[in-house]
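A look at the structure
Chain by chain, the residues run as shown.
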Amino acid sequence: MVRDVTLGQYLPGKSLIHRMDARAKIVLLISFIVLIFCAFNFVSLALTAVVTILIVISSGIPIKMYLKSLKVIIVIVVITSILNLFYGTGDPLWQWWILKITWSGISRAIFVTIRIICLILATSALTFTTSPTDLTDAIERLMKPLKVFHIKVHEIAMMMTIALRFIPTLLEETDKIMQAQKARGADMESGNIIQRIKALIPVLIPLFVSSFRRAYELAMAMECRCYQGGGGRTKMKVLHMAKIDYIMIALTAVVLAGVILCNIFFWAIV
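Here is what the cut-offs are and how they apply
- Residues numbered from 1 in each chain as written.
- Predicted model: local features only at pLDDT ≥ 70, side-chain atom pairs only at ≥ 80, totals over all residues.
- Heavy atoms only, no water.
- Axes fitted to C-alpha atoms, helices over the stretch in contact; angles between N-to-C directions.
- Helix = DSSP H or I, 4+ residues; strand = E, 2+ residues; numbered from the N terminus.
- Parallel < 35°, antiparallel > 145°, perpendicular 65-115°, else oblique.
- Left-handed = near helix turned anticlockwise from the far one by under 90°.
- Contact = heavy atoms within 4.5 Å.
- Nonpolar A, V, L, I, M, F, W, Y, C, P; charged D, E, K, R; others polar.
- Core = buried A, V, L, I, M, F, W, Y, C linked by side-chain atoms within 4.5 Å.
- Buried < 20%, exposed > 50% of the residue type's maximum accessible area, 1.4 Å probe, protein only.
- Phe/Tyr/Trp six-rings, centres within 6.5 Å; stacked < 30°, edge-to-face > 60°.

Quick notes on the packing of helix α2 (residues 22-38) against helix α7 (residues 132-142)
Where α2 contacts α7, the axes come no closer than 8 Å and their chain directions differ by 70°. Relative to α7, α2 is oriented roughly perpendicular. For the crossing formed where α2 meets α7, the hand is right-handed. Of the residues in α7, those touching α2 at Ala22, Arg23, Ile26 and Val27 are Asp134, Leu135, Ala138, Ile139, Arg141 and Leu142. Residues belonging to the contact of α2 with α7 are distributed by class as follows: 7 nonpolar, no polar and 3 charged.

Below is the structure:
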C-alpha cells in the first residue's frame, strides 16, 4: 500500500500539460474544483468527467499512475458512497430499522463517487506534470499580493513545496522500515485493528527519528548556503505565460459556462 502512494511525485515529460506555466495549472486546478462542485445533475457531471478524461490523456502520464492515486483513497470513496446510499428520499427499495436505500440515495452515491474521482485525477495531474521548483515559484507568484499584509509568501510557498517534495521520500523510508521489521519477524498483516495499530509502533518511532534528522540536515544545508528567505533573491528560471496557457484558461471558462447551462436546462435530471 505504501508503494502505491503517488502524492507529490513528479514525472518528467513533454506533454501539453507539462509545457504549460505552473501558475496557469494551479489556476486551472482551482477552477476545475469549482467546476466539479458546480455540477448539480448528471448531464453537467458527465461534461466534467469528459474534461477529466481529456486532462488525463493530455498529461501523457501512464494510466496506471492515476489508478495508483485512486487506489490509496478507495476506502474513503467506498465509505462515502455507502453513507450517501442512506441519505435518499422517496420509496425505499430496501429498509432495515432506520436505514433505507432509495433510488435517490443510489443516484446520490454515484454522483458523489464520480465527483471525488474527478477531483483526485485532476489533482494528480498537477503534481505529476509540475516539478517542485516550478510549483514553489508558481505558489509564490500567485500569493504575491498577500505581501501587502506583511505575510511571508516565499517562506509559506517553500514550506508547502518541501512538504510535498518529501512525501515520496518518507513513504519510501516507511516501506524500508516495514520490510526490515518483517525480516525480524514482525507481523503487521494479521490480527484485529488494535493489534495492527500496535504493530505499527516499531515503524513509527524510527520514522519520526529519521524525519527529524532529515529536517535538521536540510536546515543545516540551507543555512550553509546562506539561505535568508525570499528577499532580494533572483530566479534561474523565470515563469512566462504562453499562448497555450491563455487558451486553456479560456477553454476552462467555456466549460464552466457549459456546466452552468446544463444545470439550468437539465435541472430535472438529478
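The rest of the description comes next.
Quick word on the nonpolar core
Formed by 22 residues in total, the largest nonpolar core has its most connected members in Ile26, Phe32 and Ile139. Contributions of two or more residues to this core are made by α2, α3 (42-59), α6 (103-129), α7, α8 (153-183) and α11 (243-265). No other element matches the 6 residues that α2 contributes to this core.

A look at the packing of aromatic side chains
Scanning all chains against the criterion turns up 2 aromatic pairs. A centroid spacing of 5.3 Å and a plane angle of 80° characterise the contact between tyrosine 66 and phenylalanine 128, whose relative ring orientation is edge-to-face. Of this pair, tyrosine 66 sits in helix α4 (residues 63-72) while phenylalanine 128 is found in helix α6, placing the two residues 62 residues apart along the sequence. The exposure class assigned to tyrosine 66 is buried, which follows from its relative accessible area of 2%.

Considering the packing of α3 against α6
Contact geometry of α3 with α6 gives a least axis separation of 10 Å together with a crossing angle of 25°. It follows that α3 is roughly parallel to α6 by the angle criterion. As for how α3 packs across α6, the hand of that crossing is left-handed. Packed against α3, whose contacting residues are Phe42, Leu45, Ala49, Thr52, Ile55, Val56 and Ser59, the element α6 presents Ser107, Ile110, Phe111, Ile114, Arg115, Cys118, Leu121, Ala125 and Thr129 at the interface. Residues that form the contact of α3 with α6 fall into these classes: 11 nonpolar, 4 polar and 1 charged.

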